[in-house]
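Fold and geometry: a report
Letter by letter, the chains look like this.
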Amino acid sequence: MANLQRHFELFHNNIKVAGVPLAEKRDIILEVIRKYLREKGLPGFELINQGSYIYGVGILPLGDNEYDIDVGLSFNIKKADYPDARVVRKWVLDAVKGHTNKVRDRGPCIRVHYAAGFHVDLVIYARYNSSDQFEDLYLGKNDGSWAKSEPKKLKEYINAAIEKFGSTKVDGGATQIQRVTRYQKRWNDIRFPDDSSDKPTGIALLLLSIEKLKPTLSANSNESDDLAAMINFCDQVTFFFSRIVVKKPTPEYEDVFGKISDAEMQKLKDAYSEMRKILYAAQINSNVFAAAESLQQIFGDDFPAEEEIKKSEISAALGRDETDSVQMARIQALKSIASGVKDAPKPHSDFTG
Amino acid sequence: MTSPDDFLANIENDLVNNLPGWKIENGSSPLAVMGSIIIEKDGVTLDAFEVRVQLSPSHPDDHPIVYETGGKIERIPDQHISADGSACLFVEDEASRFWTEKTKLSDFINGPVYAYFVGQSVFAATGEWPFGERRHYLAGVLDFYREHFKVSDPVVVLEFLKVALKSPVKGHWYCPCGNGLVLRKCHLPEVRLLQKIVKRSRIISVVDQVSKALAPSKHT
């Protein structure tokens, strides 16, 4: 049986969004909007951090696609005072016009594109506090309507789910559910290189993972076993003949897979079955090289080949400045020292006995 | 009986003569020494670890505890190191191979401790443990006993350990390995050897842990 956990962890490192350039851009644009609202004497807003970046499931886009950041702008206004949400959306649109050369008024958000290949999605909310405990939030859509929304509750729901996977954290602090969601998102991007209503959204894949994924550790150690977790997950997803249905846990409680056509839903389920088949074949393959290579079929080139794993282990150990020949010489010398050590014990991990 | 001053002087001498650069840590109790494990070949330093070795509270009956203090090794079970940096050099059950009450501290550090860090260095560079590794936790302990008795079934291992706890062990008892022979014609030497090399208290603890692990799980 191939142990591919290191491969999965390196794959995760290869695809996750890291660093803060998006957060910096977000802060700049928020300042632009705040300044505009102040100057025009319009109501201010509070920031609601939301979206994949905040949930720790953001991934790098493929090819020319943009990566994104979602920001909620929660205006302290009664929706009854602004029955047409487009009025409030226009404040934001006018504020960001000219900030970059491409601003789009989309369904649930205002999308500000940056030339550097990413965009910030601004989501507008009207917030009405009837008491300290009670907060009413409505999302302003571009058809002028307000829809009840609970982004903070959704965040709490997601954070609680992530917390249940606490024992599966690895180096960077991502839990198994965050890693598995990212794997699926990359798989999804490979299946659907462009935006399409038949493409499951990132939040749909995350909510599906919350519903179906179980924390999975290796039988022999406390190490996460992402491969086994995904196989079991695919089994759960494809178990029923009916459509995949996952209701959002907050208003409007819609099925997050609801927009996918029946034909595409069948293809999606077939794709999960196919993925399961390939994952299982990799799991039982005793040849790690071949197993890793087979997973590139579904996850693409960012899934590391065995050679890359060895290279990453060695470079992590030796520092990245050394040349290959120096590294190899050092390894040879270390091995030669080890071969001269007599009566060496086998290290153990016994912290309890 | 060695006086405390002689004891300290002996350790100091041992360090000066056999572990240059190593020092006794001020004020630690039990006594601890600190220094570097340098892994070098032909005068070239390939790797180095900052290490602290503290005598056991039950010194010299039990082996010293070894800590990697430089933070170079990730504190995870797969690295055979605990969260506080203490190194898991071997399964406790085979400790007598590497430490007796007569073992000099320098022999311990230049022997199994040095080997441990060579292993760490090779693992960091290649992903392989040059001397092998024990499986984590109880599984690794069981493997030690499996090798000792040359049996695979953990139930049989448990029976052997129970026999080893008896005193005296009678040669006419049937051997737990199940081949139908009496102990004196079968595994008696292994049982006797085990009684010599593993402390009774440790065997009791392992019997307890293995019994719990083998007990059928209760479903409600």
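Let us look at the structure shown here. Because the structure is a prediction, the values reported are computed rather than measured.

Let's talk about the overall build of chain B
- Counting secondary structure elements, chain B contains six helices and four strands.
- The secondary structure elements of chain B, listed N-terminal to C-terminal, are α-β-β-β-β-α-α-α-α-α.
- Split into buried and exposed, the 220 residues of chain B put 46% on the buried side.
- Counting contacts in chain B only where the partners sit at least 6 residues apart, residues at least 24 apart contribute 47% of the total.
- When the accessible surface of chain B is summed, it comes to about 11,400 Å², and 53% of that surface belongs to carbon and sulfur atoms.

Considerations on the side chain of Ser349(A)
- In this fold, Ser349(A) is placed in the segment after helix 12 (324–339).
- Classification of Ser349(A) by relative accessible area gives buried; the value is 0%.
- At 3.1 Å, the side chain of Ser349(A) and the side chain of His80(B) are in polar contact.
- Residues within four places of Ser349(A) in sequence aside, it is in contact with Pro77(B), His80(B), Cys88(B), His136(B) and Tyr137(B).

A short note on the packing of aromatic side chains
Residues and elements named next belong to chain A.
- Evaluation of the coordinates by the stated rule reveals 21 aromatic pairs over all chains.
- With centroids separated by 5.3 Å and ring planes inclined at 90°, the aromatic side chains of Tyr82 and Trp91 adopt a geometry described as edge-to-face.
- Accessibility expressed as a relative area gives 9% for Trp91, which makes it buried.
- Feature note: the residues Phe8, Phe11, Tyr183, Phe299 and Phe303 constitute an aromatic cluster, connected by ring pairs.

About the criteria used
Residues numbered from 1 in each chain as written. Chains lettered and ligands numbered in written order. Predicted model: local features only at pLDDT ≥ 70, side-chain atom pairs only at ≥ 80, totals over all residues. Heavy atoms only, no water. Helix = DSSP H or I, 4+ residues; strand = E, 2+ residues; numbered from the N terminus. Buried < 20%, exposed > 50% of the residue type's maximum accessible area, 1.4 Å probe, protein only. Contact = heavy atoms within 4.5 Å. Areas by Shrake-Rupley, 256 points an atom, 1.4 Å probe, with all protein chains shown as cover. Polar contact = N/O pair within 3.5 Å; in protein donor to acceptor, adjacent residues only side chain to side chain. Phe/Tyr/Trp six-rings, centres within 6.5 Å; stacked < 30°, edge-to-face > 60°.

Scope: geometric values only; no functional claims are made or implied.
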